[in-house]
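Coordinates in review
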Amino acid sequence: MIRVQNADKSYEKGAKALDGLCINVERGSIYGLVGTNGAGKTTVIKSIMGILKLDAGEITVGGESVYDNELVKQKLGYVSDDPFAFRGYTLNEMGAYNAGIFEYWNEERFQTMISDYNLNGKAKLSSFSKGMRKQAAFILAMSVMPEYLILDEPIDGLDPLVRRKTWKYIIDDVAEREMTVLVSSHNLREMEGYCDHIGIISEGRMVIERDLEDLKSDVHKVQVAFRDEADDTFAKAFESMKVMHHEKRGSVHIAIVRESAEKIQQTLQGYETPVLDLLPLTLEEIFVYELGGDSHEITGII
Amino acid sequence: MRSQASSSEIKTIVRDNFKKFWTVPAFGLFWFLVWGLIPVLLGSSEGMMDDLAALASNTNIGYPIAILFVPLISGMTVFSFLQNPSSANYMHSLPLSRGKLFGANVLSGLLMIAAPIVVNGIIMTICAGNLMFVKWMVVTFVCCAAIFAITVFAAMISGNTLMHLFNACFFNGVLALLLMVFIDLSDAMLLGYETPDAIMTFLLRSNALTASIGESSRVLICAVYLAVTIAALLIAWAIYRKRPIERTGDSVIFSWTRALLFLICVFSGSMLAGLFNATIMSGNSIKFDHNMIIGMVIGALAVFVIGSILIDRSARIFTKRNLLPAAIALALAFAVSGAVNADVFGYCKYVPDAGDVKSVYMDATNSVLFTVYDDEGWGSAFRGNAGYYKDVKDVREINDENYPGFSSEESIEAITALQQTLIDQKREGMDYYDGVRIIYELKNGKTVRRSYDIYVTPDSNEMATDLDPKIREAAAALYDSKEFRTVYSLNNLKPEYFEKGSIQFYDDPFGEGEQFAISNEDAKELKAAMEKDFQKLGYDKAMQYSGEISVSRKSTPLMEEAAGEYRLEVLELPIPKTAKNTRGWLRENGYSVK
């Protein structure tokens, strides 16, 4: 597993990128790391890759510290948000370079993926579009047969077909080799479809780290209208539940409630409700409500 | 299909560095061949060994250029990944420890430097047929390795390519820069300042490039620059371990680098600008006055602004972190300049006690002090060069000429008195006339060197009689000393003068003169007459021009080409107006003497 414990990292005086951050990525899981811009996602990812050294705290991969550890880094595949290639190198030449560095380089897979993605291995990477460079970076990362795959906004900018293909490779390796994946992205809809664990970070700290299904099952969007409503009908009906957000549109109340579906239904049984819908929140909505409100809401979720 | 990569990472990095940067060693080899082998092959066979010797000592123009640029560019290319955030992130994400990354790139760079040196060295060794280019390979490689190592150090503290280049050049030459600043300051402000030989030698060897040039002390140079290479690489490694990758892209990685650069650059810039302004405004009398201060402030400001823009790449340059080291540097420059100006160590006034002096040498015998003048001010210099005389063992080279030493109490006292008059002479409003250098070897083993200008009034005819009377008096004391008359006796001249050559007689400085072959007997008589006059005439009488005799010695082409030897082919002997014996002999033998 990947474990980040009490990570602190500052870039300049007073600008703290990580502030006691803790992350736990279980083996064989696909962990989605989400956060606002400047939350510290790329910083923690670079720290996991051993690029940055923490000011305090520890990062272990498979139980071993990762910084300056060649053996551990042999197990890591990495796709950066800004893929790099040596000037003038073709994809095949980058592959040859990686083959000399990574112990478990799989040339057969490399060539298969180049063909599958319809790229030209003999063309210079500088001639590739931005999307193609990301694909190339992904192919290079997957060809080292990593036990841990670290992706920093890898899918952003790729077309839907390529994205689907990419996720297929990831999921296949997770299923076959129990590969562990840590992926950061702003595309919450997509992450929702593939990740099984989510970590939401804000200002260098972990806000929520949960199994995605558990997270979604704990929070519901309730749309309810009451017959013969009085001013305090809603308040009375929901007084025993944790309401994170409430607004009224016409006669319909929309509330984000931190409660199980059974409890909500049970509670509202005593009211005449011509409209009653319980909707699970999307990851995007959870993200917005977790980070867009004041600290009370965040404390309420935890 | 899996690949074994456990011990091949270094090989991969080295191979890829050569693949990416092969043009650097290739161009280095090309440069060596174009400046070395090709001209030698195209030149004449007669001068070939001399050409090869010049190449083997790196004294031709082309080789030093490669010695500077090949290691500089090698160091910049193999560590270029540290100067860009994308490449830095990528390389440090690979399963390579920092040690392996550092070591593999250092190895790559050293191999890139060695390749053109070894190939060129082997080719030139075959050409030369001896081992001079084996020595060349060793010296050149060690010096290049030192330049490379300092460039690697610069890579660790720089965050972009421009700063890397600047820091590489700066740290390779910083010692020489500071030395030159101090030498310039001392030369400008300290009366009598003469840079000691040891300091000049150290200056020339203070950086690997100039140290690689020349033949002398090669073992010492190799040892020193091998130590410099190792030290620079160890320091670079220590810094690399601490280098925060997130700072890549910033011009300077560590705050101490910024402070150090400002400190040295502002200090040096202000000193040089101050001296420049003072020289323009004050002429030959440079002091720590308003001219110098204005120049220093302007220089400091200019360096500060340019340096800040270079480092911060922003117009917001007046920040505390920049201003503080710059202000300290300027204050330091003021303090040092003030201290030198005040002569806090008593350098300017120092005249050794005659009793402490073992021997003294000076080039005054070639100066205005001993020049014989005619009524219109045209002169003939005294025969001061030791090369004219036989059996002179105690000599020192001053300005490419050799001068005999004086060790008697009488002559040492005369010279120390002369030095004192040169210190005390008036300078303000006076014109420069000539210069004198004096070297004392003290009994305690130390050497004291001084250099003085001699001044005359602006409306003078610039003759010996225009000199300060006290200077003339001191010069006379030396001229009239027993040791002077012994050292410079015509009987001490080498036999080839007078006896084997031809003689030309001039009765005015612009005349063509009469050339005549002289028999050995006549030459002896003439020399004897001249010697009588030399021993008899006092300083004042001896300095009045009447004519001169020019004596040529038998020469060979090789002697004519050797440095300094050419001047010794002809000996010009002035004939004072009052030289009765000489003038008498000339008249008796049919020469029209005025």
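Since the structure is predicted, the reported quantities are computational estimates derived from the model, not experimental observations.

Examining the interface of chain A and chain B
Taken together, the 33 residues of chain A in the interface contact 28 residues of chain B. When chain A packs against chain B, close to 2,900 Å² is buried across both sides, 53% of that on carbon and sulfur atoms. The interface formed by chain A and chain B contains three salt bridges. At the surface where chain A touches chain B, the tally comes to 13 residue pairs in polar contact (both at pLDDT 80 or more). If you list the elements that add at least two residues to the side of chain A that touches chain B, you get β1 (2-12), α2 (70-73), α3 (91-101) and α4 (107-116) of chain A. Partitioned by chemical class, the residues of the side of chain A that touches chain B number 17 nonpolar, six polar and 10 charged.

Things to note about empty space enclosed by the protein
Overall, the coordinates contain three cavities of 30 Å³ or more when judged by the stated rule. One number sums up the size of the largest cavity: a volume of about 220 Å³. Per-element accounting of the lining of the largest cavity gives the leading share, four residues, to strand β11 (residues 570-576) of chain B. Considering only residue class, the lining of the largest cavity consists of 14 nonpolar, one polar and two charged. The residues that make up the lining of the largest cavity include at least three from each of domain 3 (354-487) and domain 4 (490-588) of chain B. Contributing to the lining of the second largest cavity are A:G50, A:I51, A:Y67, A:D68, A:K73, B:H92, B:L96, B:S97, B:R98 and B:L101. By residue class, the composition of the lining of the second largest cavity is four nonpolar, three polar and three charged.

Remarks on the sheet that holds strand β6 (residues 431-442) of chain B
Residues and elements named next belong to chain B. Sheet architecture is open: three strands sit in the order β1-β6-β7, paired in antiparallel fashion. Each having just a single partner strand, β1 (357-362) and β7 (447-456) make up the two edges of the open sheet. Strand-to-strand twist across the sheet, computed as the mean angle between neighbouring axes with direction ignored, equals 25 degrees. Sheet analysis places β6 next to β7, joined by 10 bridges and oriented antiparallel. Pairing of E441 across the sheet is with T447, part of β7.

What to know about the domain arrangement of chain A
Residues and elements named next belong to chain A. If you check the domain split of chain A, you get domain 1 (2-203) and domain 2 (215-301). Computed from C-alpha atoms alone, the centre-to-centre distance between domain 1 and domain 2 is 37 Å. In this complex, domain 1 contributes 11 residues to the contact, which on the side of domain 2 involves 10 residues. With both sides pooled, the region where domain 1 packs onto domain 2 buries about 820 Å², and carbon together with sulfur makes up 78% of that total. By the criterion of area lost to domain 2, the three top residues of domain 1 are L188, E192 and I200, representing 63% of everything that side buries. At the boundary of domain 1 and domain 2, one finds zero salt bridges. Put simply, domain 1 and domain 2 have zero residue pairs in polar contact (both at pLDDT 80 or more) between them. Looking at the side of domain 1 that touches domain 2, the elements that each hand over two or more residues are β3 (30-35), α7 (188-194) and β9 (197-202). When grouped by side-chain class, the residues that make up the side of domain 1 that touches domain 2 number six nonpolar, three polar and two charged.

Some remarks on a nonpolar patch on the surface
All names here are of chain B. Residues F27, F30, V34, W35, I38, L42, I61, I65, F69 and I73 make up a contiguous nonpolar surface patch of roughly 950 Å² in combined accessible area. Broken down by secondary-structure element, the contributors of at least two residues to the nonpolar patch are α2 (23-35), α3 (37-42) and α5 (62-78). Here the nonpolar patch gets four residues from one element, more than from any other, and that element is α2. Relative to the helices and strands, I73 is located in helix α5.

Here's the deal with the pairing of β1(B)
All names here are of chain B. When you tally the buried positions in β1, you get five out of six residues, the bulk of the element. Direction of pairing for β1 relative to β6: antiparallel, over a ladder of five bridges. Paired with V360 across the strands is Y440, a residue of β6.

What counts, and where the lines are drawn
Residues numbered from 1 in each chain as written. Chains lettered and ligands numbered in written order. Predicted model: local features only at pLDDT ≥ 70, side-chain atom pairs only at ≥ 80, totals over all residues. Heavy atoms only, no water. Contact = heavy atoms within 4.5 Å. Buried area = accessible area lost by both parts, 1.4 Å probe. Salt bridge = Lys/Arg side-chain N within 4 Å of Asp/Glu carboxyl O. Polar contact = N/O pair within 3.5 Å; in protein donor to acceptor, adjacent residues only side chain to side chain. Helix = DSSP H or I, 4+ residues; strand = E, 2+ residues; numbered from the N terminus. Nonpolar A, V, L, I, M, F, W, Y, C, P; charged D, E, K, R; others polar. 1 Å grid on protein atoms, 1.4 Å probe; cavity = no way out; pocket = protein on both sides within 12 Å on 5 of 7 lines; lining within 4 Å. Points joined across faces, edges and corners; volume = space filled by probe spheres on them. Domains from an automatic or database assignment. Pairing = 2+ DSSP bridges. Axes fitted to C-alpha atoms, helices over the stretch in contact; angles between N-to-C directions. Patch = residues over 30% accessible without salt bridge, like charges linked within 9 Å, V, L, I, M, F, W, Y side chains within 5 Å. Areas by Shrake-Rupley, 256 points an atom, 1.4 Å probe, with all protein chains shown as cover. Buried < 20%, exposed > 50% of the residue type's maximum accessible area, 1.4 Å probe, protein only.

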